[in-house]
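# Coordinate inspection notes
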Amino acid sequence: MNFLSTMLNVKTIIKYVFIIVVIFWTLAPFIWLIVSSISTKMDLTSFPPRWIPQNPTLENYQEILFGGKYSLGELFRFGTMNSLLISITSTFFALILGIPTAYSLSRFKFRGSVMVFITTLLTQIIPPITIAIPLYMIWMNLQLLDTYQGLISIYTAFILPFVTWILYGYFQAIPKELDEAAIIDGCSRIGAIFRIILPLSAPGIAATVIFCFIVAWNEFFYALIFTAVETKTLPIVMAEFLTKHGSEYTKLAASGVIASIPPVAIALIFQKYIISGLVRGALKA
Amino acid sequence: MMMGIKKIYPYFLTFPCLFFLFSVIFFPLAFSFSSSFYNIFLIRRETFFIGFDNYIQLFRDPYFLYSLWVTAYFVAVTVSIEVSLGLGIALLLNEKFKGRSIVRGLILVPWALPSVVNGVMWKWIYHAQYGAFNHLLFQLGFISKYIDWLGDPFTALNMLVLADIWKETAFPAILTLAGLQAIPYGLYECAMIDGANAWQRFRYITLPLLKQILAVVIIFKTIWSFETFDLVYLVTRGGPSAGTRTLVYYNYLITFRQSLFGLGSAFSWIIAIMILFFAVPYIRRFMLR
Amino acid sequence: MKPKISRRTALSAVAKVAIGAGVAVAAAGGVAAYFATRPPQVIEKVVTSVVERPVEKTVVTTVAGVPTTVLTTVKETETVVLSPTEERKKGITVILPKHEMDIIGWWETKTAEFEEKTGIPVTLVRMPWEYVADKVLAAMSAGSSEYDVIELDNAWVAKFAEAGWASPLEDYPGAKDMMEGHLPGLIQKFSYKGHLAGITWNNDSRYFMYNKAMLEAAGIKAPPKSWDEFVDYCKALKGVSWVDSTGQKRILEYPVVAAWQESQIGLNEYAFFTYTFGGEFFDENMKCVINRGGAVEALEFMVDLINKGYVAPGYATNDYEMQLSAFLAGDAAFMYQAWGGVYGYSLDPRLSKIVNQVEFAPLVPYKPGAAPWSLTLPEAMAIPKFSKNKEYAWEYIKFMASKEVNKEMCLKIGALPIWKDLYEDPDVLKKYPYFKLITEQNKYLRGHPDLVWYDEWATKLASEFSAAITQKKSPKEALDTVYSWVKENHPDFA
């Protein structure tokens, strides 16, 4: 009995040590980023080096959050609104298109299922740079440049394969018999998807939502090419800190800290579903 | 009637997705594929058909071959470390402990950081004189003198690997965690009753059931690793001495800076084929379920 | 039981789709009918100007049996019909990066003033400078008429002018005055094959700045006039004790902070050293001479500085921001290619530890026999040939680059003036007395070579340059590699 409890204690200690290491590893650079955002350049280049700035200042945050007309603040808020709108919509559409696709791939063997796989994969493999210019030309002719629809369609197209594949994986893990049983009991296909598959794969869907949102939120290259004035997203606004002569690092740091908040908030909210106890024990024989 | 409906159903479900992808992606793709066989002077709007010359020219370029090696190294190291590290973290986060939900959210912080900020941040962290990395290592006594981490081609590459690991490990970690969550606890209980130890439980229960998820994670991680751009652009500009010039970055230089669109397209297709090369074995295993 | 439900759901689904399709078709039909039956709008047009310009014609010829499309230029007279009210209202679109010193949104307020004064609405698109090329390139390659005024960076002059992305400006009203009134180096930089391709809006000329306090502490009375003196001074400055503007006692470890990154920035630095060593990248016949004479000497000199320990570590990856930070922190004595804003920053105690310790040197150091060239890396406004509102675009350019507006830009945000006269203007000198010091240097400003294939050249040179700086290759080896590459790929230039 004693031996067992000592064993458990050692295990727990090791567990907590690892956890602390992981937390430190994850947060250390980010904490330094926060420190940078309340420093001045002088603090960053002073010798001997300090971890906490001598004269911490909130002026970077002030300018970004409360600036007036033509200032960074206005741009920043504008970019945030655009990013939110575009990211949420793209994620939503990717799910709407991807869930049925993943479902049919995992449940049916049909001619062309291979083609679907290849198609979706090809889309991911092609470096974005390749189609940037031809796509620009097409979008220009369709008058989709600098519009919300234009950018959302592109983002959805890029996120879609990922959604399909990930959900395919999760759906595969759910035995076919479950939804077959439901259909035999009188449920429609769509109903089966809603009542059986989605709840059981909730962790997967939650994870997918988080990632799609973050990918769209942080996407830079296409936002650069396809937005101009109306639909500037947050990463583009932040890139404005990159001037010919440098990068205004302290201001950029402040904007980075603020820009990370929505994705992390969404992650914190959704990760509850990942815990979801629905899955545990659901498949008990 | 029902048989008929059943047959159409899958097509019905996948059609919107495919239609969307075709309209947005495939036409430009086709255009770029055909462009790769032309010498295109965007400036003079002239195009000359040259067959495979673009492809040949690339393989004769020593910098192309060098960037092949740089990319291979980068992808191999980052993917293997990130997936294994992610698995480890997922296992850890699967355990019960206080504050678990918060930690799970915090793991995503690096991934949530916009790449612009991430790039410039690491540029500062690695700086020879003012970098936090030097400060930290020096104060902990690991180094006796400040080092110019980005000053040597190979060291710079490894530093980029480190930065990438920091930023990207959350992705495999969270996905694997979700997969772990789907494994019913009951299975472990049965195994424990049968006398299996931790390693055996991991090897015979966890790993097989994670196969699907791991395969997907590896495929996507590999693809995205190949396409790493922002980190290279913001931290090292592909230098020093082309030491961190990955295939994608070099492609960018050719397509956008040098406006050699035909060559750039050919380059992209070479990259795509290479990625396919890596992905196909996984897909095969994955689809031959 | 089962079949009934399936059939019903199937039928209802089909019905829904059919109704939806029907509604869509009806709506489309209605919209089409509306547009078809609207009477055509007649706009009163008044001819206000006639302009002659070269026009491109597409000709299909066969080259070696392969049909290709080639663009040839033909001079045609085009009557441009402008209507004062209707056309103006359509406005113009301008795409430019922000001036790095414009933190108060001055350019935007001036643009608003222009809109009021002329009645031409302006859509101002702001781009981060890093990415301007990407964005403009995408638009120009697509032949987009989206932009009427675009950014023209000094490295793109040949390329953009050849492609028509920067159409000739010298014939527009008021252009000749500008050509005479602007700094000659700037006009020359943006001229190509006898045409004016752009009007400068950002005079990014570089000057030699140094830390007076450090030099005095080492017993040096004046800035170095030659590179030999420079090296001697470095020797004296290394390890010298001095006091920074916060009163702290410091020891100077490295007199020089360099930005020899593998990018355009590193090339800027290298070009500067080359010119002042009497070297060239290309001679007057545009033949590549980079692997002999001053160009080789310059690179050897730079590597030598590193080996002697005079250059701060990080030289292989520093960009301008890092270089500036080091200088302002008091970790370097020389900033040999500082831009105008640096002086202003050095006076701000929140940003610098060298307040009132910075001086301009009248001229950069140079090898005897060479000339004291300093770099100018300006940015200009250009009008793409695809633009449909060239005249209005020109009005905008004329306004923003006029002497009055330029003077205001200088006074309000501290930007370096573009007009020669402003360097002697009493109001300007009152605020920036140090402008007097740089009139000499303003006579010796030049930029990079004008090549249509400049970016290819830059990429190649940057890697070899970096190899030499990180001492993976000797300077001569690196430059020979560049030369052989030029010979192989652009034999006309070898």
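Computed from a predicted model, the values in this text were never measured in an experiment.

All names here are of chain C. Strand order in the open sheet made by the 3 strands is β12-β9-β13, with antiparallel pairing throughout. Two strands bound the open sheet, and with one partner strand each, they are β12 (334-339) and β13 (358-360). Averaged over all pairs of adjacent strands, the angle between strand axes in this sheet comes to 40 degrees, irrespective of strand direction. With 3 bridges joining them, strand β9 (residues 206-211) and β13 adopt antiparallel strand pairing. Along β13, the bridge assignment pairs Y210 with E359.

A word on the nonpolar core. Membership of the largest hydrophobic core comes to 317 residues, with the highest contact counts inside it found for L152(C) and V256(C). It is helix α7 (residues 148-172) of chain A that provides the largest number of residues to this core, a total of 16 residues. Dropping the residues within four chain positions of it, V256(C) is found in contact with C234(C), L305(C), Y310(C), V311(C), A312(C), A332(C) and F334(C).

On to the sheet that holds strand β8 (residues 199-202) of chain C, then. All names here are of chain C. Pairing in this open sheet of 5 strands is mixed, and the strands run β4-β3-β5-β15-β8 from one edge to the other. Either end of the sheet is taken by a strand with one partner, and the two such strands are β4 (122-127) and β8. With direction set aside, neighbouring strand axes in the sheet form an average angle of 35 degrees. Bridging between β8 and strand β15 (residues 379-382) involves 3 bridges; their strand directions are antiparallel.

Residues and elements named next belong to chain C. For β9, the tally of buried residues reaches 6 of 6 residues, placing the bulk of the element in the interior. Of the two faces of β9, both are covered, the one formed by R206, F208 and Y210 as well as the one formed by Y207, M209 and N211. Relative to β12, β9 runs antiparallel, the two sharing 4 bridges. Its bridge partner lying in β12, R206 is registered against W339.

Bringing the interface of chain A and chain B into the picture now. With 82 residues of chain A at the contact, the number on the chain B side is 75 residues. Contributions of two or more residues to the side of chain A that touches chain B are made by α1 (2-37), α4 (72-107), α5 (113-125), α6 (128-141), α7, α10 (202-218), α12 (234-239) and α13 (249-275) of chain A. The dominant element in the side of chain A that touches chain B, judged by the number of residues it contributes, is α13(A), at 13 residues. Along the lines of polarity and charge, the residues of the side of chain A that touches chain B split into 55 nonpolar, 22 polar and 5 charged.

Next up on the list: the domain arrangement of chain C. Residue and element names in this part refer to chain C. What the domain assignment lists for chain C is domain 1 (85-205 + 377-446) and domain 2 (206-374 + 453-493). Computed over C-alpha atoms only, the centres of domain 1 and domain 2 are separated by 28 Å. Each partner contributes residues to the interface: domain 1 has 18 residues there, and domain 2 has 18 residues. Put simply, the parts of the chain that give the side of domain 1 that touches domain 2 at least two residues each are α5 (157-163) and β16 (445-446). In terms of residue class, the side of domain 1 that touches domain 2 is made up of 10 nonpolar, 3 polar and 5 charged.

About the criteria used
- Residues numbered from 1 in each chain as written.
- Chains lettered and ligands numbered in written order.
- Predicted model: local features only at pLDDT ≥ 70, side-chain atom pairs only at ≥ 80, totals over all residues.
- Pairing = 2+ DSSP bridges.
- Helix = DSSP H or I, 4+ residues; strand = E, 2+ residues; numbered from the N terminus.
- Axes fitted to C-alpha atoms, helices over the stretch in contact; angles between N-to-C directions.
- Core = buried A, V, L, I, M, F, W, Y, C linked by C-beta atoms within 7 Å.
- Buried ≥ 20, exposed ≤ 12 C-beta atoms within 10 Å, placed from the backbone.
- Contact = placed C-beta atoms within 7 Å.
- Nonpolar A, V, L, I, M, F, W, Y, C, P; charged D, E, K, R; others polar.
- Domains from an automatic or database assignment.

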